Amino acid sequence: MKFLCAHHRQMYQQNAHHAFNFWVKALGMARIRVGEKNWPAASVMYGHAYEVAQIMLSSEANTEKSLGRFLSTAIEFGYSLRKNNCADELANLIACLEEELRCYASAGEYRCRAS
C-alpha cells in the first residue's frame, strides 16, 4: 500500500524525528476525520500514518515500541477502511499485515521491508 511519494518516503527513512512527527500529525488528522465521520479523508490520513509507522518499524532499534505503534495504526486504518466500504483495500491491508508479522516472527526482530 502506497500513500507517500518517493521523496517523502526517503525523507522519513533517513530522519526518524521527521517520521515520528509526521506520524503524530497524520494520526491526529485521521482521528479528527473519524470524529466528523469523513471516512474517505480518514482512510487517506490513516494510510499515511500506517506507511510511516511501517517505515519506523523497519528502521528503529526499539522494535517492541515500533511494533505497537505499527499495529495500533493498522487497526485504526482497518476500521476506517471498513467504515468507508473499501473491502478490497481492507483485504490488501490484512495481507500486508500478515506479511509484516510473518517477517517479524521469523527474524525474531523486524528486518523486513519499508518499501
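One can find the structure itself at the top, above this paragraph.
Residues numbered from 1 in each chain as written. Predicted model: local features only at pLDDT ≥ 70, side-chain atom pairs only at ≥ 80, totals over all residues. Heavy atoms only, no water.

Novice: Just checking my understanding: could you explain the packing of helix H3 (residues 39-59) against helix H4 (residues 63-83) for this structure?
Specialist: In a pair of packed helices, the angle between the axes and the distance between the axes together describe the arrangement. Their axes nearest at 8 Å, the elements H3 and H4 cross at an angle of 160°. The orientation of H3 with respect to H4, classified from their angle, is roughly antiparallel. Pair H3 / H4 crosses with left-handed handedness. (Axes fitted to C-alpha atoms, helices over the stretch in contact; angles between N-to-C directions. Helix = DSSP H or I, 4+ residues; strand = E, 2+ residues; numbered from the N terminus. Parallel < 35°, antiparallel > 145°, perpendicular 65-115°, else oblique. Left-handed = near helix turned anticlockwise from the far one by under 90°.)

Novice: Is there a simple way to think about the pattern of salt bridges in this case?
Specialist: Between side chains of opposite charge, a pair can form as their charged atoms come close. This model, assessed by the stated rule, comprises three salt bridges. Between Arg9 and Glu51 there is a salt bridge; the shortest N-O distance is 2.3 Å. Separated by 42 residues along the polypeptide, Arg9 in helix H1 (residues 6-14) and Glu51 in helix H3 bring together distant segments of the chain. Taken as a pair, Arg9 and Glu51 share a single burial class, namely buried. Taking the shortest distance from any N to any O, the salt bridge between Arg33 and Glu36 comes out at 3.5 Å. Taking relative accessible area as the criterion, Glu36 reaches 48% and is therefore assigned partly exposed. (Salt bridge = Lys/Arg side-chain N within 4 Å of Asp/Glu carboxyl O. Buried < 20%, exposed > 50% of the residue type's maximum accessible area, 1.4 Å probe, protein only.)

Novice: In this structure, what is going on with the packing of aromatic side chains? I would like to understand it.
Specialist: For any pair of aromatic rings, the description consists of the separation of the ring centres together with the inter-plane angle of the planes. Under the criterion given, the structure shown has six aromatic pairs. In textbook terms, an aromatic cluster arises when at least three aromatic residues are bridged by ring pairs, as seen for Phe3, Tyr50, Phe70 and Phe77. Lying over the aromatic face of Trp23, Arg69 brings its terminal NZ or CZ to 5.4 Å of the ring centre. (Phe/Tyr/Trp six-rings, centres within 6.5 Å; stacked < 30°, edge-to-face > 60°. Lys NZ or Arg CZ within 6 Å of the ring centre and 35° of its normal.)

Novice: Got a minute to help me understand H4 in this structure?
Specialist: Residues spaced three or four apart along an α-helix point in a common direction, a consequence of the helix completing one turn every 3.6 residues. With 21 residues, H4 ought to run about 30 Å at 1.5 Å a step, and its terminal C-alpha atoms sit 30 Å apart, in line with that. Along H4, the residues that are buried comprise Thr63, Ser66, Leu67, Arg69, Phe70, Thr73, Ala74, Glu76, Phe77, Gly78, Ser80 and Leu81. A positive phi of about 60° marks Asn85, the residue just after H4. (Expected span 1.5 Å × (residues − 1).)

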